[in-house]
Amino acid sequence: MTVRAVADSSVGRVDGMKTLAKSEFETLIDGLIDDDPRSVVGPQRRSGQYVFEELDSAADLALEYDLTALSPKKYLLPQYEQLLTYERTDGEYEMHAGTDTEGVIIVGVHPYDLAAIEHLDKVHIDTMGDEPYRKRREDSLLIGLTMQSVAPESFAASMGAATTDSGYDLLVTDIGDRFVVDIGSFEGNELLADLDTHSASHSEVQEVRRIEDDLRGRFERELQFPPEELPTLLAEHYDDMEFWESYAEQCLSCGSCNMVCPTCYCFQVETVRDLGGDSGYQQRSWDGCLLEEFASVAQGENFREEVAQRHRHRFMRKGLYVYERYGDVSCVGCGRCTRHCVADVADPTDVYNDLWEATNA
Amino acid sequence: MSETIDIESEYVTRVEGHGNIVVNVADGEVETCEWQVVESPRFFESMLVGRDWTEAHHVTARICAICSISHTTASLKATEAAMGVDLSAQDERLRKLALYAETLQSHVLHLGYLALPDLVGKQSVLPILDSHEAEVEAVVRLHRLGNDLTEAIAGRSVHAQRHLPGGFSKLPDEDELDALRTRLESAWSDVELVADLLVELSDELPDFERETEFISLTHPDEYAFYDGTLYSSDTGELDVEDYREIVDEVVVEQSTAKFTSHARESYMVGALARLNNNFEQLGPMAKAVADRFGLEPGSHNPYLNNVAQLVEIAHLIETSIVELDTLLDGGLDPQPDYHTPDVEVEAGTGIGAVEVPRGVLFHEYTYDEDGEITDANCVIPTNQNHANIQQDMEELVPTILDRPEDEIELTLEMLVRAYDPCISCSTHYLDVEFVDE
Amino acid sequence: MTERPRVAFFDFTGCEGDQLQVVNLEERLFDLVEVVEVVSFREAMSEHSDDYEIAFIEGSVVTAHDEERLAGIRENADVVVALGSCAAFGGINAIRNDQDFETVTERVYGDDADMIEANPEARPIESVVEVDATIPGCPIDREEFVQVVTGLIRGVEPTLPNHPVCVECKLEENECAFHRDEICLGPVTRGGCGADCVGEGTHCWGCRGMVDTPSEDAYTAVLEEHGLDAEEIVEQYQLYWGWQRPERATQEEAQ
Amino acid sequence: MLETTETVRSEYEPVQGRIAWIEQFTDQDKLYVISLPDDVELDHDPGQFVELFVPGVGEAPFSISSSPTKDGPLELCIRAVGNVTRALDSMEGGDPLGIRGPYGTGFDPEALAGDDLLFVAGGIGLAPLRSMINYALDRSGEFGDLTTLYGCKEPAEQLFPEELQRWDDSEEMAFYETVDQCPEDQTWEGREGVITELIPEAEFDPETTTALVCGPPVMYRFVIESLQEQGLADDHIYLSLERNMHCGRGLCGHCQINELYVCVDGPVFNYPEVRDKSEAEV
Ligand SMILES: Cc1cc2nc3c(=O)[nH]c(=O)nc-3n(C[C@H](O)[C@H](O)[C@H](O)COP(=O)(O)OP(=O)(O)OC[C@H]3O[C@@H](n4cnc5c(N)ncnc54)[C@H](O)[C@@H]3O)c2cc1C
Ligand code: SF4
Ligand code: SF4
Ligand code: SF4
């Protein structure tokens, strides 16, 4: 039942593409809102920013968005989640894993967020096995969207995540008066069954390609070197504490960069007790390696006491540590950390380019 | 009958500290009879000096939690008056509703949690649960209703978050308001339950009268809470601008809270004062409740303040429903999230006068051209009632000397509590001590 | 801790909003008294006993009399919990700590200022007695209170969250105050409130006190970047931290 | 992995175990003997750990102190330092709690087969090593010479006193013990001084010996230096490390040392794996 996209020739990129009228797309989404038991969410405007939120109607979709506050990760690995409930009756404990694992239909996911989810899948399903994540993910549908606007903080093109050909059930590209839809999975194909679609013409496919090519040139920020060089570059600078301290001096240790990152998945677990005393639950919630106590143990030892160590850890984790474990550089270049860092020291392109210059100057 | 009585009650008061009842009777003669307020001063008026116009309401909310919305409201009105800021009709309505909701909460708390146990002869609301479960549940429901309505508008019931000079940072959710309207409608049966019980217990209220002056706001169009001119039952309408002369604050030996006086040695503010001054403007349900107790304008028994609160509870529910209807009719005018109302900062002085649960409250600030406070004055209803409590005690004590000591003690405590001088003073922890000489 | 510990509430100088938050548990207040035995709680009852295990203390210490009373409570209680920001670190009361005390009393009491007995500074209870646990907040969060109470019953020492408000603010997807050209104390304020004030459309005022190790220099730089001058920056810090911040500075110097 | 005969449980769902009995060693340290349901098998390697859940309080990782060579209930030696551990401290025989695991990479008896083993245990660090020590004693034929060095702060902090006595008496293993110092109100006939002082004294052949080390964070650097001075090659040193853990399963991130997750790649590491990582603090 896994709906993650696979490079399957039967739904291959070119001949799998369909076009449909924008109104047909709205019909699809409204139909899902009305009929599907799962909730349907998508990017919407909320005051000065965009957020993924439950949709009342397809008309509320803000497909022109550049970057949402949080990524759709929050539907697969929620900010707060009951991991385990317990209840005591007559001296015996009933302990049950959380059951709130229903999937979600996520509409309008940009390629960099799709890439982030692919990475999370690799960790949580393929490698370590996280049941709650797996259940939600397998029960979810991802309707991707080719970016229409580019956030000034974003550098997804540098990370190879401005466009994608995997990780979605459907991927929608606005070519003016119509959408071209690429089908990424069997479930995605099913969605289109009752709609009025046509096979995309050669010129329509060309138009999608042109939009994608054009998109890659629209990023204001970039990495000055290919991301494959990152792991080596970072490894070389592990002990360059002067460098890390220069950034850490301005860092608030606030953890915002961790919280907004679509590929961060660290968490903490704490007990929430009912007032009655005999029942409660273990709650898991997002945690961040920039926070002071992240690596401290009971008798006071803190293995990353200095801000500089924590700052280094974040960048190393994105560009080196995760790569060593999973073969992925785990930054997709969305730019959220840059946007949300009040002190303006979280921008990966700043840090990585500085390191690059230090090495190659 | 005891020839010698020495009552020294030490207890904590709110707003500005501790209060004691001291009664000393030797050979049947009253030697001392004092309502002492020996407080831990908070110095809010000084704390405000130098603070920014955007913070005054945040700081003054912390004068008292039970009426924090009230302080916030008076504070904002003072700032708005000083800077000439107008409030939209919608925002004014929301301000009123939040104030009504808090007053509802406060009255229910006072009546249900604090006064009721006296009348039932219990120490707290908990044991009453056994004998009067339905009534206590009604009290809790009404209390929660007040809090939920405040929360819906202010963000939080203790120390509002959305109130700002010139408006609100965020609008309430219309569905939530609608649901609250329904709950207000169905609150009548709860009010009835409480009223039935209070009628049944009304004989327990001491029968004591002393003529005094009642001061409150009054408004031509409505039973005044949010706005109005000052009115004295002795001298008629007064100008809010002259509030300093009216409240004529003095520091007295026995008290670190200021005492006030106007036409006579003391005056009373609060639910009973409002009811006496503005009775005709009460809603029909409220009047019906008043009728059940025979409460009419010109009631001079301070113990009836509790009954006046119940009448106001009924009025607040009625009037909140009307305000909600007006608000919801056609929907709220939208405003952006994280709204910061336009305020042009200018130097000036402004007064905010508001009727709050315990009576009329004044905040007055002077701002410099940077919008920083250079001078602040807050006159709190509890302080205005201190002198009246003192006068009541002086007249009451000689008439009850023939009673057992614990009864004198209870009667005096109940008097203090009747005024609801901020929750802490009116609770039961009034350790009245009798020492035989 | 016994099965159903005896609990007392006390108030010092403050607005009593924290005790009110306990009353505002509404129906759950009746659940609370099932799990603890409340022996003293002025806001709701007249019984009082000096025999208790847990003392919840609200408000700051402002007079010599406060100090004495507090010491007495400490002697009676096994566990002393500072309830709310005034008790925990001085809170709003400490705004005046940097004002000249004579001026302070004169402003409020005029010619009669000398009749007033009070300390020149408002202080938290930890400046007088040892404190076992702290529930900060102005007012406290009801749920946090429930967790502390149920924890104490289970022998759990309440741990104060030590992450800044920004963490929860991000989780709630609020729009950052700094993006709206407002000033926010969130980056150096102790979280645990759900960034509620930002969620309600304003910014963090600092009511839960500072995190253990605030990055003060970095934060001051941020404020300067947003156009505040030195005096305005101090004023931001003074709203709730009039006692806490100088105290922290002294402690740091001592180290 | 803890498997019941029922259907597969979520990894985060513990099974209910019960404290069979408790043995108190010091003011702070106790041995908890925990029985699991009949249909549950804990199939562990020495050096692995479990996540122990005290309902209403929380969960924490603890090394399995009993040897897999020994059937019967599971043994954990736990020091009361925080909430979970203090809650345990106030529990009694018969009390229920939750267990999941075993987790992590422990010592690999097969890889160690034939080696002389030198155990270096500081304080509560004896808890994880004890599993391997007893394994080696029970299967002494599989290994070469066995030596155990144990140090604690003061006599009153000694763990497993009876067992230590047996080791001391044992022909099969050399045993050396020290206390940092002996306060005046205690008696101690043995030696005083830090554990590193035992290393030059112990007789072992650096060529054929593998050292297994566990103790407080400050201990590692000194012990390693001392072992190196005795000529032990880096890859002949194994360390069991402690870190903050919230899941025990390579996800929560708290235990990370660079790319390593202590909970899955460790807690037992061959020294070269962590040698160049400054945050490993070894
Ligand atoms: C692999 C491993 C094996 C261990 N084996 C033993 C053992 O055999 N005997 C023993 O006494 N101790 C052992 N410990 C240490 C033990 O886990 C801690 O003492 C325990 O977590 C403290 O929890 P607490 O709730 O009592 O402390 P608190 O101070 O109340 O809580 C500490 C906080 O840090 C978190 N935390 C998570 N992991 C740790 C950690 N490792 N150390 C400290 N805090 C942590 C807790 O979740 C909690 O939030 C081991 C640790 C690890 C990692
Ligand atoms: S880098 Fe920025 S967002 Fe991250 S912790 Fe530091 S100040 Fe906060
Ligand atoms: S590190 Fe920053 S840019 Fe990279 S994926 Fe995370 S939030 Fe986006
Ligand atoms: S609004 Fe305040 S608390 Fe929220 S992220 Fe911004 S600085 Fe932090």
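Labelled according to an unreviewed UniProt entry, chain D appears under the name FAD/NAD(P)-binding protein, originating from Halapricum hydrolyticum.

An unreviewed UniProt entry lists chain C under the name NADH:ubiquinone oxidoreductase, with Halapricum hydrolyticum given as the organism.

Our focus in this paragraph is the overall build of chain C. Scanning chain C from terminus to terminus reveals eleven helices and five strands. Since a compact globule built from 255 residues should have a radius of gyration of about 18 Å, the 19 Å found for chain C is in line with a globular shape. Principal axes of the C-alpha set define a box for chain C whose edges measure 55 × 50 × 35 Å. Each of the 255 residues in chain C was classed as buried or not, and the buried ones make up 65%. Across chain C, the fraction of contacts at a sequence separation of at least 24, relative to all contacts at a separation of at least 6, is 74%. Of the accessible surface of chain C, which amounts to about 9,100 Å², a share of 42% is contributed by carbon and sulfur atoms.

Right, let's talk about the UniProt feature "domain: FAD-binding FR-type" (unreviewed entry) in chain D for a bit. UniProt's entry tags residues 12-109 of chain D with the feature "domain: FAD-binding FR-type" (unreviewed entry), counted in the numbering of this structure. Across residues 12-109 of chain D, helical content stands at 8% and strand content at 44%; the span's end C-alpha atoms are separated by 28 Å.

Close to ligand 4 lie V165(C), C166(C), C169(C), K170(C), C176(C), A177(C), F178(C), C184(C), G186(C), P187(C) and V198(C), which account for all nearby residues. In terms of residues, the shell around ligand 4 owes the most to one element, helix α7 (residues 165-171) of chain C, which gives four residues.

Attention now goes to the packing of helix α7 (residues 174-185) of chain B against helix α12 (residues 305-328) of chain B. Residues and elements named next belong to chain B. Taken N-terminus to C-terminus, the directions of α7 and α12 make an angle of 150 degrees; their axes are 10 Å apart at the nearest point. The angle between the axes of α7 and α12 places the two elements in the roughly antiparallel class. Handedness of the α7/α12 crossing: left-handed. Residue-level inspection shows E174, L177, D178, R181, L184 and E185 of α7 in contact with α12, the latter providing I317, S320, I321, L324, D325 and L328. For the contact of α7 with α12, a count of residues per class yields six nonpolar, one polar and five charged.

Sheets are built from strands paired through backbone hydrogen bonds, the pairs being either parallel or antiparallel. Residue and element names in this part refer to chain A. Overall, antiparallel pairing links the four strands, which are arranged β5-β4-β12-β11 in an open sheet. Edge positions in the sheet fall to β5 (92-97) and β11 (267-273), since each has one partner strand and no second. On average, adjacent strands in this sheet sit at an angle of 20 degrees to one another, irrespective of strand direction. Relative to β5, strand β4 (residues 80-89) runs antiparallel, the two being bridged by six bridges.

To continue, consider the arrangement of the chains. Of all five pairs of chains in contact, the one with the most contacts involves chains B and C. Chain D makes no contact with chain B, the minimum C-alpha separation between the two being 28 Å.

What follows covers the UniProt feature "binding site: [2Fe-2S] cluster" (unreviewed entry) in chain D. UniProt marks C247(D), C252(D), C255(D) and C263(D) with the feature "binding site: [2Fe-2S] cluster" (unreviewed entry), using the numbering shown here. For the residues just named, distributed over 17 residues, the greatest C-alpha separation is only 9.9 Å, placing them together at one site. Here C252(D) is to be found in the loop between β12 (237-240) and β13 (256-257). Sequence-distant contacts of C252(D), defined by excluding residues within four places in its chain, comprise C266(A), F267(A), F294(A), M245(D), H246(D) and C247(D). Exposure remark for C255(D): the relative accessible area of 2% places this residue in the buried category. Once residues lying within four places of it in the same chain are set aside, the contact partners of C255(D) are R243(D), N244(D), M245(D), L260(D), Y261(D), V262(D) and C263(D).

Residue and element names in this part refer to chain D. Structurally, V223 is set in helix α6 (residues 217-229). You can call V223 buried: its relative accessible area is 0%. In the structure, V223 is positioned 103 residues away from V120 in sequence and 8.2 Å away in space, judged by C-alpha atoms. Ignoring any residue separated from it by four or fewer positions in sequence, one finds V223 in contact with V120, I195, T196, I199 and V213.

So, on to the sheet that holds strand β12 (residues 348-356) of chain B. Residue and element names in this part refer to chain B. Reading across the sheet, the three strands line up as β12-β13-β14 and stay open at both edges, with antiparallel pairing between neighbours. For this open sheet the edge positions go to β12 and β14 (373-379), each flanked by a neighbour on one side alone. Neighbour-to-neighbour, the strand axes of this sheet turn through a mean angle of 10 degrees, independent of strand direction. Relative to β14, strand β13 (residues 359-367) runs antiparallel, the two being bridged by six bridges. Note that in β14 the partner of Y365 across the bridge is A376.

All names here are of chain A. For the pair helix α11 (residues 307-326) and helix α13 (residues 348-360), the least separation of the axes is 11 Å and the interaxial angle reads 75 degrees. Taken together, the axes of α11 and α13 are roughly perpendicular relative to one another. Across the interface between the two elements, F315, K318 and G319 of α11 pack against P348, V351 and Y352 of α13. Its residues assigned to classes, the contact of α11 with α13 shows four nonpolar, one polar and one charged.

Next up on the list: helix α4 (residues 89-120) of chain B. Residues and elements named next belong to chain B. With 32 residues, α4 should reach 46 Å at 1.5 Å per residue; the first-to-last C-alpha distance of 44 Å fits that figure. If you look at α4, its biggest bend is around 30 degrees, right at L114, and the proline P117 turns up within four residues after that. With 28 of 32 residues buried, α4 is to be regarded as a mostly interior element. Phi turns positive, to about 80 degrees, at G121, one or two residues after α4.

Bringing the site of ligand 2 into the picture now. Within the structure, ligand 2 sits among 13 residues, and C251(A), L252(A), C254(A), C257(A) and C341(A) are positioned closest to it. Per-class residue counts for the shell around ligand 2 are nine nonpolar, four polar and no charged.

This brings us to the pattern of salt bridges. Tallying each qualifying case throughout the model produces 75 salt bridges over all chains. As a salt-bridge pair, K122(A) and D328(A) come within 2.9 Å of each other at their nearest N and O atoms. With K122(A) in helix α4 (residues 111-127) and D328(A) in the loop between α11 and α12 (336-340), this pair connects stretches of sequence that are 206 residues apart. Between E312(B) and R274(B) there is a salt bridge, with the nearest N and O atoms lying 2.8 Å from each other.

What counts and what doesn't
- Residues numbered from 1 in each chain as written.
- Chains lettered and ligands numbered in written order.
- Predicted model: local features only at pLDDT ≥ 70, side-chain atom pairs only at ≥ 80, totals over all residues.
- Heavy atoms only, no water.
- Helix = DSSP H or I, 4+ residues; strand = E, 2+ residues; numbered from the N terminus.
- Rg over C-alpha atoms; globule rule 2.2 N^0.38 Å.
- Buried < 20%, exposed > 50% of the residue type's maximum accessible area, 1.4 Å probe, protein only.
- Contact = heavy atoms within 4.5 Å.
- Areas by Shrake-Rupley, 256 points an atom, 1.4 Å probe, with all protein chains shown as cover.
- UniProt positions renumbered as here; feature names shortened; annotations may be inferred.
- Near = heavy atom within 4 Å.
- Axes fitted to C-alpha atoms, helices over the stretch in contact; angles between N-to-C directions.
- Parallel < 35°, antiparallel > 145°, perpendicular 65-115°, else oblique.
- Left-handed = near helix turned anticlockwise from the far one by under 90°.
- Nonpolar A, V, L, I, M, F, W, Y, C, P; charged D, E, K, R; others polar.
- Pairing = 2+ DSSP bridges.
- Expected span 1.5 Å × (residues − 1).
- Bend = angle between axes of the 7 residues up to and from the residue.
- Salt bridge = Lys/Arg side-chain N within 4 Å of Asp/Glu carboxyl O.

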